[in-house]
Amino acid sequence: MSSRTAIPPHVPPELVRSFNFWSAPGMKPEAGGDPHAALACLRDEPRIFYSARNTAEGYGTWVLTRAEDMRAVLQDAAAFSSSRKLFSPLVGEAEDFATFLVDAKVDGRPLNGDELIGMGVLVFVAGLDTVAAALGFDFNYLAANPGAQSDLRTHPERIPNAAEEMLRAFSTVHMVRVANKDVELHGVTIKAGDRVSCATMVANRDTNEFANPDCIDFKREVNRHVAFAYGPHRCVGSHLARREVIIGLEEWLRRMPPFRIKEGTAPVAHGGTVFGIEKLVLDWS
Amino acid sequence: MRILVDKARCAGHARCYATAPEIFVLDDNGYIDMESFDVQPGQEELARRGARACPERALRVEHEGGPK
C-alpha cells in the first residue's frame, strides 16, 4: 500500500468506509445503473467519514454527507482551497478571461506557463463534459418519463424550472478541497493536507435540505441546489451552463417528436469525479 | 418585512434576480448590489421567494411584527 492510499493515523478506524465514488455499488458504468439514486446509501452514514482512494489520482478523502457541511467547507476558501490556488488579488483590467489570467498575479508573481495552461484546460474541460452529462441525464429522465416530457412539450415555459430541478437531482460534479490547516468538524480533525469530498449529488439529495429529494418535481419552489458549488469558487460558467441546458431542452423538445429509450437498450451511467451517461439510445420512430 | 443582505456571502449565483428581477439589484459582475432593505407592500411573497432562492444563504427574511 503506497503512502498516498494508506489511511492516515489521525483517522479514527470507526469512521473508515469502503464507499468510494468509482467502485461503490451503482458507481461503476452499468446498464440501467442510477448512480444518483445509489447515493441514498450514504444517508445511513455519519455526517463525515473517511474513504481511501477517493479521487481521480487515488487519494483518500473525508466524505461529507450533509449539504450544510459542504456549504461551510466551500464557503471557507481560506481554510479549504481548491487544488488550484490561483484566484487571488489581481492586477490589470482584463476584458476577457485569457487576458485576466495572463495579467493575474498570485503572491506577487505572474502565473507560469504550466499554471496558465492548467487554468485554460480547466475552463474548457469544465464546460465540455459537465453540460453534456447534465443534458444526457435530462434526456434519459424525459425519455423514461413520458408524462414529464409531455408536460414540458405542452408548457415550454416550465423548462427553466424543470432544468433547475434536474440540475439538482442529476448534478454531475464531485468537488474535492484540500485543507490548508487543521480544522475541527463535528468532533473530527481534518488535518492540513487532507482532502475533503464535497459531492454536489450527495448534497442535492440531502433530506435535511430538500423535501422528498428523490422525487423529481418540476414545480419545486424552494430549490437552493448546489449543482454549481457554494462559496467564492462557485462555478464560473454557471450562467452559461444554465443557458445551454435550457436552450438544449427547448430546442430538442421543439424539433423532435416524443422520444423514449430504445427498446432492448439500457442507458449506461457512472459515478466518479464527474457523473455521466456514456450510452443512451433514444428512439422516436 | 425586511430582507437582510449578507453581501460578503454573495457568490454571484444570481438566483434572487432570476426569481424576482423587480426587487433584487445586481452589479455588473452579477453580485448583489443592495444593503438590507424593507420590502414594498405587495411584494412580500416575491421577495420571500427571491431570498429563499439563494444557495449561499446570503439573503434572509426578517419579519417585523405582524403574523409570520
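Residues numbered from 1 in each chain as written. Chains lettered and ligands numbered in written order. Predicted model: local features only at pLDDT ≥ 70, side-chain atom pairs only at ≥ 80, totals over all residues. Heavy atoms only, no water.

1. Quick word on the sheet that holds strand β2 (residues 30–31) of chain A
Residue and element names in this part refer to chain A. Put simply, the rule is: Pairing between two strands is assigned when DSSP locates at least 2 bridges connecting them. Per the convention used, a helix needs a DSSP run of H or I reaching at least four residues, while a strand needs a run of E reaching at least two, with both numbered from the N terminus. Contacts: residue pairs with any heavy atoms within 4.5 Å of one another. For helices, the fitted line uses only the C-alpha atoms of the stretch in contact; every axis is such a line through C-alpha atoms, and the angle between N-to-C directions lies from 0 to 180 degrees.
Here we have three strands laid out as an open sheet, ordered β2-β13-β14, and antiparallel in their pairing. Of all strands in the sheet, those with a lone pairing partner are β2 and β14 (276–279), marking the two edges. Pairing of β2 with strand β13 (residues 268–270), which is carried by two bridges, proceeds in the antiparallel orientation. Looking at the pairing, Ala 31 lines up with Val 268 of β13. Those strands touched by helix α4 (residues 113–144) are β13 and β14, and its axis lies near 70° from that of β14.

2. Some words on the pairing of β14(A)
Residues and elements named next belong to chain A. Summarising the sheet, β13 and β14 pair through three bridges and their orientation is antiparallel. Across the sheet, residue Val 268 finds its bridge partner in β14, namely Lys 279. Linking β13 back to β14 in an antiparallel pair, the connection comprises five residues, with Gly 272 at a positive phi of about 115°.

3. Things to note about helix α8 (residues 238–255) of chain A
Basically, it comes down to this: What a helix should span is 1.5 Å times the count of its residues minus one.
With 18 residues, α8(A) should cover 26 Å at 1.5 Å per step; its first-to-last C-alpha distance of 26 Å lies within 8% of that length. Those residues of α8(A) that are buried are in contact with α4, α5 (146–154) and α6 (159–169) of chain A together with α1 (15–19) of chain B.

4. Here's the deal with the side chain of A:Ser197
Residue and element names in this part refer to chain A. To be explicit about the condition: Relative accessible area decides the class of each residue, using a 1.4 Å probe on protein chains only: under 20% of the type maximum gives buried, over 50% gives exposed, and in between gives partly exposed.
As for its placement among the helices and strands, Ser 197 is situated in strand β11 (residues 195–199). Judged by its relative accessible area of 0%, Ser 197 is buried. Leaving out residues up to four positions away in the same chain, Ser 197 has contacts with Phe 21, Asn 54, Thr 61, Trp 62, Val 63, Leu 64, His 174, Met 175 and Val 176.

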